[in-house]
Amino acid sequence: MDILSEIIANKKKEVKAQKELYPIKLLEKSVFFEGEPVSLIKYLKRPDKSGVIAEIKRKSPSKGIINEHVSIERTSIGYMQAGASGLSILTDNHYFGGSAEDLKVARSFNFCPILRKDFMIDEYQVIEAKSLGADVILLIASVLDKKEIEKLGGLAQSLGMQVLLEVHNEKELINSISEKVNLIGVNNRDLKTFKTDVKTSFDLADKIPSEFLKVSESGLSEPQTIKDLKACGYQGFLMGETFMKNGRPERAAKEFIKQLV
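Analysis parameters
Residues numbered from 1 in each chain as written. Predicted model: local features only at pLDDT ≥ 70, side-chain atom pairs only at ≥ 80, totals over all residues. Heavy atoms only, no water. Helix = DSSP H or I, 4+ residues; strand = E, 2+ residues; numbered from the N terminus. Rg over C-alpha atoms; globule rule 2.2 N^0.38 Å. Buried < 20%, exposed > 50% of the residue type's maximum accessible area, 1.4 Å probe, protein only. Contact = heavy atoms within 4.5 Å. Areas by Shrake-Rupley, 256 points an atom, 1.4 Å probe, with all protein chains shown as cover. Lys, Arg positive; Asp, Glu negative; His and termini not counted. Charge placed at Lys NZ, Arg CZ, Asp CG, Glu CD. Phe/Tyr/Trp six-rings, centres within 6.5 Å; stacked < 30°, edge-to-face > 60°. Lys NZ or Arg CZ within 6 Å of the ring centre and 35° of its normal. Pairing = 2+ DSSP bridges. Right-handed = clockwise from strand over helix to strand, strands pointing away. Arc of directions from axis to C-beta. Patch = residues over 30% accessible without salt bridge, like charges linked within 9 Å, V, L, I, M, F, W, Y side chains within 5 Å. Salt bridge = Lys/Arg side-chain N within 4 Å of Asp/Glu carboxyl O.

### Concerning the overall build of the chain
1) Next: Regarding its fold elements, the chain presents 12 helices and 10 strands.
2) Next: For the chain, the C-alpha radius of gyration of 17 Å lies close to 18 Å, the compact-globule estimate for 261 residues.
3) Next: Principal axes of the C-alpha set define a box for the chain whose edges measure 50 × 40 × 35 Å.
4) Next: Here the chain, with 261 residues, has 56% of them falling under the buried criterion.
5) Next: In the chain, the proportion of contacts linking residues at least 24 apart, taken out of those at least 6 apart, comes to 67%.
6) Next: Of the roughly 11900 Å² of accessible surface on the chain, 48% is carried by carbon and sulfur atoms.
7) Next: The chain carries 39 positive and 37 negative side-chain charges, and their two centres are separated by 2 Å.

Below is the structure:
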């Protein structure tokens, strides 16, 4: 079993347990549930922002522990002060060291678009994302078929959230595109081998229909790469490890974003 299959098998067990602990009716009573989501697309298009979607993650299957004791409050506020266009919060605990509480903390201290980064396989998770204060959900094409993407994406949009569809190659892109998604993210990391190659984003740039905002994800560590990707039509850049491996991720983000001007 490859790591992605293992993660999904574990996620199914997690979701089943969560449904029993926190029924949907309870999620809908959250203080965040009735809130108006913030548009990631609008923030990515703002000229005073960098296009960087700054991520908080403590560990990963490929790198192990990255920044175990990161302060969600300090880092999320610092990311936005540094000029990030939005936040990405990992909520998977077993493989990435995140939690639902991390997203709630980030939401409490920031008025900005927040992406719930997790492996979404069930409508329950979409409703849960809204109850945590998320504005955007991630759907992974290598995990879901088109019917599932449309079901989960449609539910998210009905709740006012936007949908980032993650693809890894042209086949996934062609098979997964739907009006139930708002942004297309090209993940430069192969989720089966965890190797990264930014060439993936460049190769797919012209193949993404113009009605979708383009996001490049993973393996982004040089300001010049961001500039080159912008020239190819990308407006969003999901970055985590480049910042998180620093003791103060928000400072690393500030220095990086300064170089994009």
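### What about the packing of aromatic side chains?
Each aromatic ring pair is described using two quantities: the centre-to-centre distance and the angle formed by the ring planes.
1) Next: Evaluated as defined, the whole model comprises 3 aromatic pairs.
2) Next: Note on Phe243 and Phe256: the rings are 5.8 Å apart at their centroids and 75 degrees apart in plane angle, and the pair reads as edge-to-face. Taken together, the residues span a long stretch of sequence, with Phe243 in helix α11 (residues 241-244) and Phe256 in helix α12 (residues 249-258) at a distance of 13 residues.
3) Next: Among the residues examined, Phe243 registers a relative accessible area of 0% and is labelled buried.
4) Next: The class of Phe256 is buried, set by a relative accessible area of 5%.
5) Next: Counting every residue linked through ring pairs, the aromatic cluster contains Tyr79, Phe243 and Phe256.
6) Next: The ring of Phe33 has Lys130 sitting right over it, with the charged end atom 5.4 Å from the ring centre.

### A word on the pairing of strand β5 (residues 114-117)
1) Next: Residues Ile114 and Arg116 point to one face of β5 and Leu115 and Lys117 to the other, with burial holding for every one of them.
2) Next: Across 4 bridges, the pairing between strand β4 (residues 86-90) and β5 is parallel. When the sheet's bridge partners are listed, Ser88 is paired in β5 with Leu115.
3) Next: Handedness of the β4-helix α5 (residues 100-109)-β5 crossover: right-handed.
4) Next: Direction of pairing for β5 relative to strand β6 (residues 136-140): parallel, over a ladder of 2 bridges. Pairing of Arg116 across the sheet is with Ile137, part of β6.

### Overview of α12
1) Next: Burial in α12 covers these residues: Pro249, Glu250, Ala252, Ala253, Phe256 and Ile257. Projection of α12 onto a plane perpendicular to its axis shows the buried side chains occupying an angular sector of 155 degrees, all on one side. α12 presents Arg251 and Lys258 as exposed residues on the side facing more than 90 degrees away from its buried surface.
2) Next: On its buried face, α12 sits against β1 (52-56), α4 (72-81), α10 (223-231), β10 (234-239) and α11.

### Some remarks on a nonpolar patch on the surface
1) Next: Together, Leu21, Tyr22 and Leu26 make up an exposed nonpolar region whose accessible area comes to about 310 Å².
2) Next: One can find Leu26 in helix α2 (residues 24-27).
3) Next: Among the residues examined, Leu26 registers a relative accessible area of 45% and is labelled partly exposed.

### Let's talk about the pairing of β4
1) Next: The element β4 is extensively covered by neighbouring structure, given that 5 of its 5 residues are classed as buried.
2) Next: Residue alternation in β4 divides its side chains into two sets, Gly86, Ser88 and Leu90 and Leu87 and Ile89, and both sets are buried.
3) Next: In this sheet, β4 lies alongside β1 in parallel orientation, the contact comprising 4 bridges. Residue pairing for β4: Ala54 is matched across the bridge by Leu87.

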